[in-house]
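One-letter residues, chain by chain:
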Amino acid sequence: MGEEDASLSSYPHAHTVDRPREPAAGDHGPAVEDPKEASGEDRIEGDSSAYRKEERLVGPPSHLPQPQAPPGLTKARSTGPDEERRPIDRSVSLNSAAAVDVSAIGKYLHDRGSVFSAAIAKRISSLKVPPSGNGDCGPNGSVTEFRLSGLKVIVRLKGETERAEAEPEGGEIKGRVSFFSRSGCRDCGAVRSFFREQGLPYVEINVDVFPERQRELVERTGSAAVPAIFFNEKLLGGLVALNSLRNSGEFERRLRDMAGGRCPDAAPRVPAYGFDDEEELRGERPDAMVAFARVLRHRLPIQDRITRMKLVRNCFSGSDLVEAIINHLDCGRKKAVEIGKELARKHFIHHVFRENDFEDGNNHFYRFLEHEPVIPKCFNFRGSTNDNEPKPATFVGQRLTKLMTAILEAYASDDRRHLDYGRIGASEEFRSRYVNLVQDLQRVDIFGLSADEKLAFFLNLYNAMVIHAIIRIGQPGVIDRRAFYTDFQYIVGGYPFSLSSIKNGILRSNRRQPYSLVKPFSAGDKRLELASTKMNPLIHFGLCNGTPSSPTVCFFSPEGVEVELRHAAREFFLRGGIEVDLERRVVYLTRIIKWYGADFGEEKDILNWILNYLDATKAGLLTHLLNDGGHINISYQNFDWTPNY
């Protein structure tokens, strides 16, 4: 047996084949062979002499594709029967540093660096205006940025370099720039614009929004004058001082000193969330009727009832309220009825059909303000009514105007055509001061306002509600646009008001909105008393619905509302509300005039009316068309409903 095996193994065309092991499922490579097996040393069982056992791999038949060596592999395992078997060589170790030519690498890097530097110098010296898509220009046409072979090269002017040096490494300013301001102050606007142009983060403390900070302003500066600029805790001065420091170059030095150090606690603090006006909080006092309201909320049998074939929820009868007051105060029925009327006058309770103020009896049903069915749609209601003594409507309107003006100055573009709704919604001015302020509208007395006060009040309320609505529910699409103007509501003076009811019911003298068959207020609606007695078409240029095609958002004062509306109309027509094509005899008008044509009159009357609000150029063109006796075609512009972000 052993000889036969030996003869077979020594025969030149005969060989033994060992079946290779099937790899296991978890194998990631060839199994490590035993050293003896790897060297080919093995002994055949039953033989005293050692024979070298030769392992050969059977290749595929010649008519099938032959295996190819992996690219880059210089040595492969032999597969032919006559080739010498050699172990597979592994990668050469990186420790063989002697084979690396260091001088050649250094020469290569030096040459490449010289070529790259020369290319940059040539590009900077030759470029005046960068190629389209490959760079940017500064305001003077100078090259500020371009790209070379995937690298972005930034060119800074001397002044920009100084400003860059003023900032600490990483661009983070550790100190704080802050300034005190007031709404509508031109000098404050100039300071704000300068900081924005320089890209400097700053904290603005508007004393109209935060009146409690005015005392701090006087203590720090010795006067109530604004603007008052601070670098950390150090007073820089006002606008005159800022311009002086800029012209002398001292501003950059002070900015570097401020930016590198941590802001001390003595610096003016950043306005914090919530009411921190202690004087205003001390001035708040509960309404005289609130004690009765709190007792009645617990003692009255509030339940659902059926009256006039309708289910009325969360109500009580007039006699129930009178009996509860008699039992609580141990008073006569007449006194209890007077208290019920006072509760209704101050909007703690209302008749379920809004038919009367208060009457005693089992057939008259009332409910508390917080139980009104419309309350879930009212976004100035936060779980409970404002039980403090109602402030005068003129005071609340004035605060609203100052607050919203400050918000626009801080978070809108200079022309107020673009608003940063995200920053507005996250700001202390809005999420605390505004949200708290509009709760004062719940029981405010709006029926005692004069005509101009009422006009300014509802113009400002409409514009503020649009901003609030976009922040809370977003800009509406085509399908939900009508719901946007009808479902977003405030409780004002005890009554619900939507954007549509303010515009069409109050400001347009209770006229139907476009494509509607019904008026906002019915004949018995108490809100009808607030409707303007005379329709003023200028109101359309004072209402902004948060789109580029609508008028610019602004807020009005009661004493100057008429003049301010005329200015708003001129601004609207100046920036594209009307275009005149003299050659084609076509006047392109805003679509607002088409929708509300009944407010402006006949088309020819509209053109004559618009003449009063046009600049000299457009007025001259339109006058020429009106006076030559020819036919004038009126075309209406498309309305852009995208948000004015």
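Residues numbered from 1 in each chain as written. Predicted model: local features only at pLDDT ≥ 70, side-chain atom pairs only at ≥ 80, totals over all residues. Heavy atoms only, no water.

On a plain count of helices and strands, the protein comes out with 23 helices and 16 strands. A total of 645 residues make up the protein; the buried ones form 42% of that total. (Helix = DSSP H or I, 4+ residues; strand = E, 2+ residues; numbered from the N terminus. Buried < 20%, exposed > 50% of the residue type's maximum accessible area, 1.4 Å probe, protein only.)

The subject of this paragraph is helix α5 (residues 186-198). Between the first and last C-alpha of α5 there are 19 Å, a value that for 13 residues agrees with the 18 Å anticipated at 1.5 Å per step. Within the sequence span of α5, burial applies to Cys 188, Gly 189, Val 191, Arg 192, Phe 194 and Phe 195. Looking at the packing, one finds that the buried side of α5 touches β4 (177-181), β5 (203-206), β6 (228-231), α7 (239-248), α8 (250-260) and α13 (393-411). (Expected span 1.5 Å × (residues − 1). Contact = heavy atoms within 4.5 Å.)

This part takes up unusual backbone geometry. With an omega of 0°, the peptide bond between Val 226 and Pro 227 qualifies as cis. Counting through the fold element by element, Pro 227 comes out in the loop between α6 (214-221) and β6. Even without being a glycine, Arg 416 presents a positive backbone phi close to 65°. Summarising the element assignment, Arg 416 is placed in the loop between α13 and α14 (421-426). The phi torsion at Tyr 515 lies on the positive side, around 65°, for a residue other than glycine. For Tyr 515, the location among the structural elements is in the loop between α18 (499-507) and α19 (561-577).

What follows is about the packing of helix α10 (residues 290-299) against helix α11 (residues 318-329). At a closest axis distance of 10 Å, the pairing of α10 and α11 adopts a crossing angle of 115°. Between α10 and α11, the angle falls in the class roughly perpendicular. Where α10 crosses over α11, the handedness of that crossing is right-handed. Here Phe 292, Val 295, Leu 296 and Arg 299 of α10 lie close against α11, whose contacting residues are Leu 321, Ala 324, Ile 325, Asn 327, His 328 and Leu 329. Partitioned by chemical class, the residues of the contact of α10 with α11 number 7 nonpolar, 2 polar and 1 charged. (Axes fitted to C-alpha atoms, helices over the stretch in contact; angles between N-to-C directions. Parallel < 35°, antiparallel > 145°, perpendicular 65-115°, else oblique. Left-handed = near helix turned anticlockwise from the far one by under 90°. Nonpolar A, V, L, I, M, F, W, Y, C, P; charged D, E, K, R; others polar.)

Of the strand pairs in this sheet, β6 and strand β7 (residues 234-237) are connected by 3 bridges, and their pairing is antiparallel. By the bridge assignment, Phe 230 is partnered in β7 with Leu 235. Hairpin geometry of β6 and β7 is characterised by an intervening segment of 2 residues between the two adjacent antiparallel strands and by a positive phi of about 55° at Asn 232. (Pairing = 2+ DSSP bridges.)

Right, let's get into the layout of surface pockets. In this structure, the second largest pocket encloses a volume near 830 Å³. Taken together, 29 residues form the lining of the second largest pocket, with Gly 184, Thr 405, Glu 409, Arg 416 and Phe 555 sitting closest to its centre. Elements supplying a minimum of two residues to the lining of the second largest pocket: α5, α13 and α19. When its residues are assigned to classes, the lining of the second largest pocket shows 8 nonpolar, 10 polar and 11 charged. (1 Å grid on protein atoms, 1.4 Å probe; cavity = no way out; pocket = protein on both sides within 12 Å on 5 of 7 lines; lining within 4 Å. Points joined across faces, edges and corners; volume = space filled by probe spheres on them.)

This part takes up the nonpolar core. Core analysis: the largest hydrophobic core is formed by 112 residues, its most contacted members being Ile 446, Phe 458 and Phe 497. Considering each element in turn, this core owes the most residues, 13 residues, to helix α16 (residues 451-473). Ignoring any residue separated from it by four or fewer positions in sequence, one finds Phe 497 in contact with Ile 446, Phe 458, Met 465, Phe 488, Gln 489, Tyr 490, Val 492, Ile 502, Ile 506, Phe 521, Arg 527 and Leu 530. Core analysis: the next-biggest nonpolar cluster, separate from the first, contains 23 residues, Phe 316, Leu 321, Ile 339 and Ala 344 among them. (Core = buried A, V, L, I, M, F, W, Y, C linked by side-chain atoms within 4.5 Å.)

We now examine the environment of Ala 190. Looking at where Ala 190 falls in the secondary structure, it is placed in helix α5. Each C-alpha atom of the pair Ala 190 and Leu 239 lies 7.7 Å from the other, and the pair is 49 residues apart in sequence.

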